[in-house]
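# Fold and contact review
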Amino acid sequence: MKDFGFKPVRPNVIDLATVQNRTWTDILRLHPEMRSCISCGACAAVCPNNNELTKMSVRRTIIELRHGLPLTSEWQNCQMCNRCSLVCPKGLNTRSIFFRLNTFEALNDHNQTNAEPTNRK
Amino acid sequence: MITPDNFNIFVIPFTLGMTFVIIWLLATIVRLWRHMPQADRRRVRHSILTVSTLRAAGEIVAEVLIHRRIWKRNKFLGYMHMSFAFGWFMLIVVGKFESLTYTGNHFNPIWYPLFFKFFVPGEHEFFLSAFFTQAMDLWLALILSGQILAFVKRRMPGRTIGIRPRHTAVNRAALTALWFIFPLRLAAESVTAGIHGGGGFLTGTIGQAIAGAPVLDSLFMPLWWAYSISLGVFFVLIPFSRYFHIPVEGFLILARHWGVSDEATIRTLETLACSACGMCLRVCPRAQGDAPRMQPVYFIERLRAGRDNDNDVWGCLGCLRCEEVCPVVVHSTQIRMARKMQAVPQRRPQPAPAPVPQARQGVDVALFAGCMGKLTPGTKAAMNRILQAAGLAYAWVDEDEDLCCGRPLRLSGRTGEAQARMDRLKTALLALNPRVIVSTCPICYNMIRAAISARPVLHHTDFVAQLIDEGRIAVGRSAQTLTYHDPCELSRMADISSRPVSTLAKVGTLKQPDECGRESHCCGGALGGLAVAGHERTRLMTATADYLQRPGAQTIVTACPLCKKSIAQHAATPVVDFAEAIAKSLKTSSINQ
Ligand code: SF4
Ligand code: SF4
Ligand code: SF4
Ligand code: SF4
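Residues numbered from 1 in each chain as written. Chains lettered and ligands numbered in written order. Predicted model: local features only at pLDDT ≥ 70, side-chain atom pairs only at ≥ 80, totals over all residues. Heavy atoms only, no water.

### Some details on the interface of chain B and chain A
- In this complex, chain B contributes 35 residues to the contact, which on the side of chain A involves 28 residues.
- Taken together, both faces of the contact between chain B and chain A bury some 2,400 Å²; the carbon and sulfur share is 49%.
- Between chain B and chain A we count two salt bridges in total.
- Salt-bridge contacts for Asp-402 of chain B lead to Arg-83 of chain A; the nearest nitrogen and oxygen are separated by 2.8 Å.
- Seen at the junction of chain B and chain A, the total is 13 residue pairs in polar contact (both at pLDDT 80 or more).
- For the side of chain B that touches chain A, the secondary structure elements donating two or more residues are α16 (310-314), α19 (370-373), α21 (407-411), α27 (534-549) and α28 (561-568) of chain B.
- The element best represented in the side of chain B that touches chain A is α27 of chain B, accounting for four residues.
- When grouped by side-chain class, the residues that make up the side of chain B that touches chain A number 18 nonpolar, nine polar and eight charged. (Contact = heavy atoms within 4.5 Å. Buried area = accessible area lost by both parts, 1.4 Å probe. Salt bridge = Lys/Arg side-chain N within 4 Å of Asp/Glu carboxyl O. Polar contact = N/O pair within 3.5 Å; in protein donor to acceptor, adjacent residues only side chain to side chain. Helix = DSSP H or I, 4+ residues; strand = E, 2+ residues; numbered from the N terminus. Nonpolar A, V, L, I, M, F, W, Y, C, P; charged D, E, K, R; others polar.)

And the structure:
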């Protein structure tokens, strides 16, 4: 097959990123549907935390995750309100991304706090 | 005294099993007691000798033995549960009295009443002996009739109970042992009657029919052994299977009546008291699709085994339909909530936000649309019209700032941050110094009324209904037909379901679906569904939208922004908020401005 520099992952999605990154893979494992995000930005438009004062954008976070870039968005501000998923044209449960990011961190925290007592002796 | 008259080696399996389950139960209760806070222990000590114990006893009879709540939902299932529970209980009680009357001795060995027919075969004349014999057969017949129904149920679940839960291996093993117990008792007692005579209308009749058959003698001991072993196996399996609910449910009812307030104790008791009856399975909207099962019956089963999974904790919509039908009143969403809090890090709440501007002091009504309300501006506009018509001074507290009641964060297990959001909202609301606080979102309404007691807090359906009742606004009835969808958070959680309907009846004709009010379906958009996949959610939304369009009304009315958005996406019929339906029917003469 001719290499166009991108490959279709599903008939209706073109995945420009070939980067493999752990977080996104983990999210896709739990929510495979996130692959079909079309980066339209409807989610970011209705997000209560997306205004001039905050550095939070749902769409940008998804793009950064996909491309394995450092997360510049203050995703911790997500208040799980569900607005993003109600306007998503692809019907994705968008907020589950932020919910998962939060629990992934829980795993890290968990590992760290669990490591402590053994060092302390 | 143990003599050959009251002991035979075959009673050992039963006795061991029985002793084991009693010890296990006592250990469980003692452990719970020791983990209970001081205040609750004091409360229990003070309540034990009060009327609340009697009330609890009444409820135990009604629920644990008769299974009243199951009867109400499903006669078939009710009879089945009652026949086993009540029948077995009566076998034990009447058996106890039978052996007591016969021996005149209170301290018969634990196995004696159960195997009475073995030790005292044939006919004997003692006080009420005929009554005892017939009564014991009656209870046995009752249980066996339930068992036949249970068999039918397993063969054709669709005709009788809808979806049937799939049980784990240990539950199936316990069930098999249970199914052997009563037929074996029937066989053992009938054979005994066949050899020695006696027996009631059931065992006696069978005994007469088979009397004289040469195999009876060789069947006699094996049957009594088998009966004892099946009992023993069942008892040993009880603590590890769903049948532990039999003894625990009584303690749960007692704890509730004694006013035990400790969440952990009640949730543990509820977890153990779930009978895995599967009634929650039938009503759960998520049970219809092909998604992995997470209904309370499965979740609790796995939780007890310490094997609950991600989907169990996060896949629930929190629509409460399961709790509405649960005969044991297991608050499964709260059990899930506790698991959620264990699963996520409890962050420090965010730094205190800027003080709330106190511009509009002393309004009549402080309104709160909530985060989802931003997606339904129609509701806000309608409330503005209604309040202007009523001539009240009002202010939307979240006009310029996105405030949040914290529920979404709470549902994702982050209670600390949720509390910080609530505190901020509370400050903002009270800063307006309102006479009454009104929320157009039932989720926010539930949160605010739990947090604020200084002011009356109303959901807008109640508030608007009150305005109409007080004559502050007037509405006109038109020929329109309406279907009202009860939001979960309003009907099941806040118990507001009849008033919106009676108010809407003043502006049009209602065409309600079969399942409405506290039984209403879930819109699918539920805030709890954090890990519900988009396509699954779409399926839920479509199903509910279809269901609501079935009565064929011109308009679907609901009272929650989330329900409105979810249903409107998938319904051809227009969907409006309660406020919009009322505002449209306002009599123009009543509009002051
Ligand atoms: S609205 Fe949906 S499709 Fe659009 S960017 Fe957000 S998640 Fe992607
Ligand atoms: S759920 Fe989170 S990301 Fe989505 S709109 Fe609400 S705050 Fe923004
Ligand atoms: S949670 Fe309630 S309805 Fe569900 S299986 Fe348990 S007892 Fe039955
Ligand atoms: S709350 Fe709703 S979605 Fe969750 S288990 Fe109960 S019925 Fe199912």
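Additional details are given in the paragraphs that follow.
### Digging into the domain arrangement of chain B
All names here are of chain B.
- Assigned domains within chain B: domain 1 (9-21 + 72-240), domain 2 (247-343), domain 3 (360-461) and domain 4 (467-590).
- On a C-alpha basis, the centroid separation for the pair domain 2 and domain 3 is 31 Å.
- With four residues of domain 2 at the contact, the number on the domain 3 side is five residues.
- Together domain 2 and domain 3 conceal approximately 380 Å² of surface at their shared face, both sides included; 62% is due to carbon and sulfur atoms.
- Contact with domain 3 buries surface across domain 2, with Met-337, Lys-340 and Met-341 losing the most and accounting together for 82% of the total.
- Inspection of the region where domain 2 meets domain 3 yields zero salt bridges.
- Remark: the boundary between domain 2 and domain 3 carries one residue pair in polar contact (both at pLDDT 80 or more).
- In terms of residue count, helix α18 (residues 332-343) provides more of the side of domain 2 that touches domain 3 than any other element does, three residues in total. (Domains from an automatic or database assignment.)

### Re the pairing of strand β3 (residues 436-439) of chain B
Residues and elements named next belong to chain B.
- The alternating pattern of β3 places Val-436 and Val-438 and Ile-437 and Ser-439 on opposite faces, both of which are buried.
- Of the strand pairs in this sheet, strand β1 (residues 365-368) and β3 are connected by four bridges, and their pairing is parallel. Across the sheet, the residue bridging to Leu-367 is Val-438, located in β3.
- In this structure, β3 lies alongside strand β4 (residues 457-459), joined through three bridges in parallel fashion. The residue bridging Ser-439 from the neighbouring strand is His-459, located in β4.
- With helix α23 (residues 442-451) bridging β3 and the parallel β4, this β-α-β connection has right-handed handedness. (Buried < 20%, exposed > 50% of the residue type's maximum accessible area, 1.4 Å probe, protein only. Pairing = 2+ DSSP bridges. Right-handed = clockwise from strand over helix to strand, strands pointing away.)

### Details of the sheet that holds β4 of chain B
Residues and elements named next belong to chain B.
- An order of β2-β1-β3-β4 is seen for the four strands of this open sheet, with the pairing classed as parallel. Two strands in the sheet have a free side with no partner beyond their single neighbour: β2 (394-396) and β4. Direction aside, the axes of adjacent strands within the sheet are offset by 25° on average.
- For β1 and β2, the ladder comprises three bridges, and the chain directions are parallel. Bridging across to β2, Ala-366 finds its partner in Ala-395.
- Contacts from helix α20 (residues 377-390) reach β1, β2 and β3, with the element oriented near 165° to β2.
- Along the sheet face, α23 touches β1, β3 and β4 and points at about 165° away from the line of β4. (Axes fitted to C-alpha atoms, helices over the stretch in contact; angles between N-to-C directions.)

### Digging into the pairing of strand β7 (residues 555-558) of chain B
Residues and elements named next belong to chain B.
- Of the two faces of β7, the one holding Thr-555 and Val-557 and the one holding Ile-556 and Thr-558 are both buried throughout.
- As defined by bridge partners, strand β5 (residues 481-485) adjoins β7 across four bridges and the pair is classed as parallel. What sits directly across from Tyr-484, in β7, is Val-557.
- Here three bridges tie β7 to strand β8 (residues 575-577), and the two strands are oriented parallel to one another. Bridge assignment links Ile-556 to a residue of β8, and that residue is Val-575.
- Handedness of the crossover joining β7 and β8 through α28 is recorded here as right-handed.

### Side note on the pattern of salt bridges
- Tallying each qualifying case throughout the model produces 30 salt bridges over all chains.
- Arg-539 of chain B is paired through a salt bridge with Glu-536 of chain B; the nearest N and O atoms lie 3.4 Å apart. Placement of the pair is Arg-539 of chain B and Glu-536 of chain B together in helix α27, with a separation of three residues, close to one helical turn.
- Residues joined in a network through salt bridges with shared partners are Arg-83 of chain A together with Lys-374, Asp-398 and Asp-402 of chain B.

### What to know about the site of ligand 1
- Around ligand 1, the structure places Cys-37, Ile-38, Ser-39, Cys-40, Gly-41, Ala-42, Cys-43, Ile-62, Cys-88, Pro-89, Lys-90 and Thr-94 of chain A.
- The residue makeup of the shell around ligand 1, split by class, is eight nonpolar, three polar and one charged. (Near = heavy atom within 4 Å.)

### Overview of the nonpolar core
All names here are of chain B.
- Counting 75 residues, the largest nonpolar core has Trp-88, Phe-115, Phe-182, Leu-231 and Phe-234 as the members making the most contacts within it.
- Ranked by residue count, the leading element in this core is helix α9 (residues 169-196), at 10 residues.
- Here this core spans two domains, since at least three of its residues come from each of domain 1 (9-21 + 72-240) and domain 2 (247-343).
- Look past the residues within four positions of Leu-231 in its chain and what remains in contact with it is Phe-14, Trp-88, Leu-114, Phe-115 and Ile-181. (Core = buried A, V, L, I, M, F, W, Y, C linked by side-chain atoms within 4.5 Å.)

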